Amino acid sequence: PPLVLSPRHTSNMASSDAVVGLTREGDSPGKGRGLFALVDIAEGTTILGEDSLVCAQFCWNRQCGYPACGHCLASLETPTDQARRLAAVADLELPHADQCYTVDKSSHAACDACQERYCSQKCQQAAFAQYHRVLCTQGSDDHPVALLEQTWRNIHHPPETTSITLILKVLASIALAEDEAMVARYESFCKEFEREAEHGKILQHKLLDPQFEDQIDLLYSMANGFFMDPANAIPNAGRLSKWLTPGGFRSLLALIGTNGAGIGTSSLALYDRDATELGLDLSDKAHLEQTLDSLYAMIDEETGGFLDCEGSGLFERQSLCNHSCDPNAQSSFPNNSHRLCLTAIKPIKAGEEIEISYIEPQLQRLSRNDRQQYLSEGYLFECCCSKCESQVDNPDESDPESDSDSDDDQDEGESDSEDNEEQGDHVPDSLPL
């Protein structure tokens, strides 16, 4: 599901660590596994916090100069630097910046060979151990990984929801895993897709439409050549054999398309959150609001609303959450990193399933038929949530507030999926990820 942290919408996001004892895994009738409340959970409660098993920045987002940590996707810019870049105003200053969130650039690190940047030595070391010692391009544009990412950009145009880099990191992580238990953690994401592939269901995913067959075959051939070529000496390459087949590679594409959770990070968003909570007097508060409104207007004109460092990742616990068009929980990234917080947006009773929306808030208000089509193409299931069931007799009727609320969301920095789909129509030969 696409999850993007946007400025002006972060003040209520929780930032605590994982909460123990609130949830359990269980069977959800007709849906497989699910996440359930063990106790009554009040609205606004942080249900869990979780780092991604693996994540990757979108290729075009990175190419367009959004600097993020190569391991946790933390924005590497200070709020002032980010505001200056996005608004294209070199001398812009943010009020009260010294009292708000900032980025400590002195802690940053980089790979000596390829200059991949990290927010800390801890992230650099974790990345090297998990996947980077296999995927490091050595600074060469002709390295197989660099060529794969370039090929991806050539055939998959923005807006993005996933990337070939996430597949490469999954494969490298499996190869470099220290024990079989760690291998099993990664492969657990793939088991359901193996079963669905046996019944042909996986082929229904929009990524695997026959019109993209040549592009997918090219990506598969390049990935297979890199990982399985003995000259590259990839450790434990034999572990990857079942994924580096035409069918296995297609299942990985569908995996990251359906189970990959979108991640958005922004130091400017956290500055905004802190600044609006400073307890300023009325005059200073009015000046701050005027300054921020003016800033976001300039950013919107300059960048078209693309504010965050964006990517996607795989989350073990959060991936258990099933979809509802009327969810009781919401995922967010309030800590400028890949750490996900799952928060109750309604009271949840003990025993009740915890459900999130796989689609943006504005799409939740579309007609039942439109939502069903979106979920069927992108997530391979027919939604039977209470909202969809209640609209069986009126499948083409959308919520009356849809148009006005969607406009409001756009004005405040939210992504507009309908516009994104229209942009995609102008490049019909690109993968619809």
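What you see is a predicted model; the values in this text were computed from it and never measured.

Scanning the protein from terminus to terminus reveals 15 helices and 12 strands. In the protein, once contacts between residues fewer than 6 apart in sequence are set aside, the share between residues at least 24 apart is 74%. Of the accessible surface of the protein, which amounts to about 19700 Å², a share of 46% is contributed by carbon and sulfur atoms.

Scanning all chains against the criterion turns up 11 salt bridges. Arginine 33 is the salt-bridge partner of aspartate 27, the closest N and O atoms lying 2.4 Å from each other. When its relative accessible area of 38% is taken as the criterion, arginine 33 is described as partly exposed. Ionic pairing is found between aspartate 274 and arginine 273, a salt bridge with its closest N-O pair at 3.1 Å. Comparing aspartate 274 with arginine 273, the two get one shared label, buried. Counted as one network, the salt bridges with shared partners bring together Glu25, Asp27 and Arg33.

Moving on, we come to the packing of aromatic side chains. Each aromatic ring pair is specified by the distance between its two centres and by the angle formed by the two planes. In total, this model carries 3 aromatic pairs according to the counting rule given. Pairing phenylalanine 226 with phenylalanine 227 gives two aromatic rings, centres 4.9 Å apart and planes at 65 degrees, and the pair type is edge-to-face. Assigned by exposure class, phenylalanine 226 and phenylalanine 227 land together as buried. Ring geometry for phenylalanine 315 against phenylalanine 333: centres 5.9 Å apart, planes inclined by 50 degrees, an arrangement best described as tilted.

Here we come to helix 5 (residues 164–176). Taking 1.5 Å per residue as the helical rise, helix 5 with its 13 residues ought to reach 18 Å, and the 18 Å between its terminal C-alpha atoms agrees with that figure. With respect to burial, helix 5 is a largely interior element, 13 of its 13 residues being buried.

A separate point is the pairing of strand 1 (residues 23–28). The pairing of strand 1 with strand 2 (residues 32–37) spans 6 bridges and is classified as antiparallel. Of the residues in strand 2, the one forming a bridge with arginine 24 is phenylalanine 36. The turn joining strand 1 and strand 2, which pair antiparallel and follow one another in sequence, is formed by 3 residues; a positive phi near 80 degrees is taken by glycine 30.

The next subject is the sheet that holds strand 3 (residues 46–50). Ordered by their spatial adjacency, 3 strands build an open sheet running 3-11-10, and the pairing between neighbours is antiparallel. Single-partner strands in this sheet number two, and they are strand 3 and strand 10 (329–332). Adjacent strand axes in the sheet meet at a mean angle of 15 degrees, parallel and antiparallel pairs treated alike.

Moving on to the packing of helix 3 (residues 121–135) against helix 5. Where helix 3 meets helix 5, the axes come as close as 8 Å, and the angle between the chain directions of the two elements is 110 degrees. With respect to helix 5, the element helix 3 is oriented roughly perpendicular. Considering the relative orientation of helix 3 and helix 5, their crossing is right-handed. Where helix 3 abuts helix 5, its residues Ala129, Gln130, Tyr131, Arg133, Val134 and Leu135 lie against Leu168, Lys169, Ala172, Ser173 and Leu176.

Okay, helix 10 (residues 282–303) next. Along an α-helix, a turn takes 3.6 residues, which lines up residues three or four apart on a common side. Taking 1.5 Å as the rise per residue, helix 10 with 22 residues should run 32 Å; its terminal C-alpha atoms sit 31 Å apart, in good agreement. For helix 10, the set of buried residues is Leu288, Leu292, Leu295, Tyr296, Ile299 and Thr303. For helix 10, the angular spread of the buried residues around the axis is 95 degrees, confining them to a single face. Away from its buried face, by an angle of more than 90 degrees, helix 10 presents the exposed residues Leu282, Ser283, Gln290 and Glu301.

It is the contact of helix 9 (residues 267–275) with helix 10, at a shortest axis distance of 12 Å, that shows an interaxial angle of 160 degrees. In terms of orientation, helix 9 and helix 10 fall into the roughly antiparallel class. The two elements helix 9 and helix 10 cross, and the hand of that crossing is left-handed. For the pair formed by helix 9 and helix 10, the contact residues are Leu268, Tyr271, Asp272 and Ala275 on the first element and Leu288, Leu292, Leu295, Tyr296 and Ile299 on the second. Its residues placed into classes, the contact of helix 9 with helix 10 shows 8 nonpolar, no polar and 1 charged.

Turning next to the environment of cysteine 72. With respect to the helices and strands, the residue cysteine 72 is situated in the loop between helix 1 (59–63) and helix 2 (79–87). By relative accessible area, cysteine 72 is classed as buried at 5%. Remark: the alpha-carbon pair of cysteine 72 and cysteine 123, spanning 51 residues in sequence, is separated by 7.1 Å. Contact partners of cysteine 72, with chain neighbours within four places excluded, come to Cys55, Cys119, Cys123, Ser337 and His338.

Another aspect to go through is the state of the cysteines. Counted under the stated rule, the structure contains 0 disulfides. Its sulfur unpaired, cysteine 136 is 3.8 Å from the next cysteine sulfur, which belongs to cysteine 114. Residue cysteine 136 is classed as buried on the basis of its relative accessible area of 7%.

Quick look at unusual backbone geometry now. The phi dihedral of alanine 88 falls on the positive side, at around 60 degrees, and the residue is not glycine. In this structure, alanine 88 sits in the loop between helix 2 and strand 5 (109–110). The phi dihedral of alanine 233 is positive, around 50 degrees, even though this residue is not glycine. Mapped onto the elements, alanine 233 comes out in the loop between helix 7 (213–228) and helix 8 (246–258). A relative accessible area of 58% places alanine 233 in the exposed class.

Conventions we followed
- Residues numbered from 1 in each chain as written.
- Predicted model: local features only at pLDDT ≥ 70, side-chain atom pairs only at ≥ 80, totals over all residues.
- Heavy atoms only, no water.
- Helix = DSSP H or I, 4+ residues; strand = E, 2+ residues; numbered from the N terminus.
- Contact = heavy atoms within 4.5 Å.
- Areas by Shrake-Rupley, 256 points an atom, 1.4 Å probe, with all protein chains shown as cover.
- Salt bridge = Lys/Arg side-chain N within 4 Å of Asp/Glu carboxyl O.
- Buried < 20%, exposed > 50% of the residue type's maximum accessible area, 1.4 Å probe, protein only.
- Phe/Tyr/Trp six-rings, centres within 6.5 Å; stacked < 30°, edge-to-face > 60°.
- Expected span 1.5 Å × (residues − 1).
- Pairing = 2+ DSSP bridges.
- Axes fitted to C-alpha atoms, helices over the stretch in contact; angles between N-to-C directions.
- Parallel < 35°, antiparallel > 145°, perpendicular 65-115°, else oblique.
- Left-handed = near helix turned anticlockwise from the far one by under 90°.
- Arc of directions from axis to C-beta.
- Nonpolar A, V, L, I, M, F, W, Y, C, P; charged D, E, K, R; others polar.
- Disulfide = S-S within 2.5 Å.

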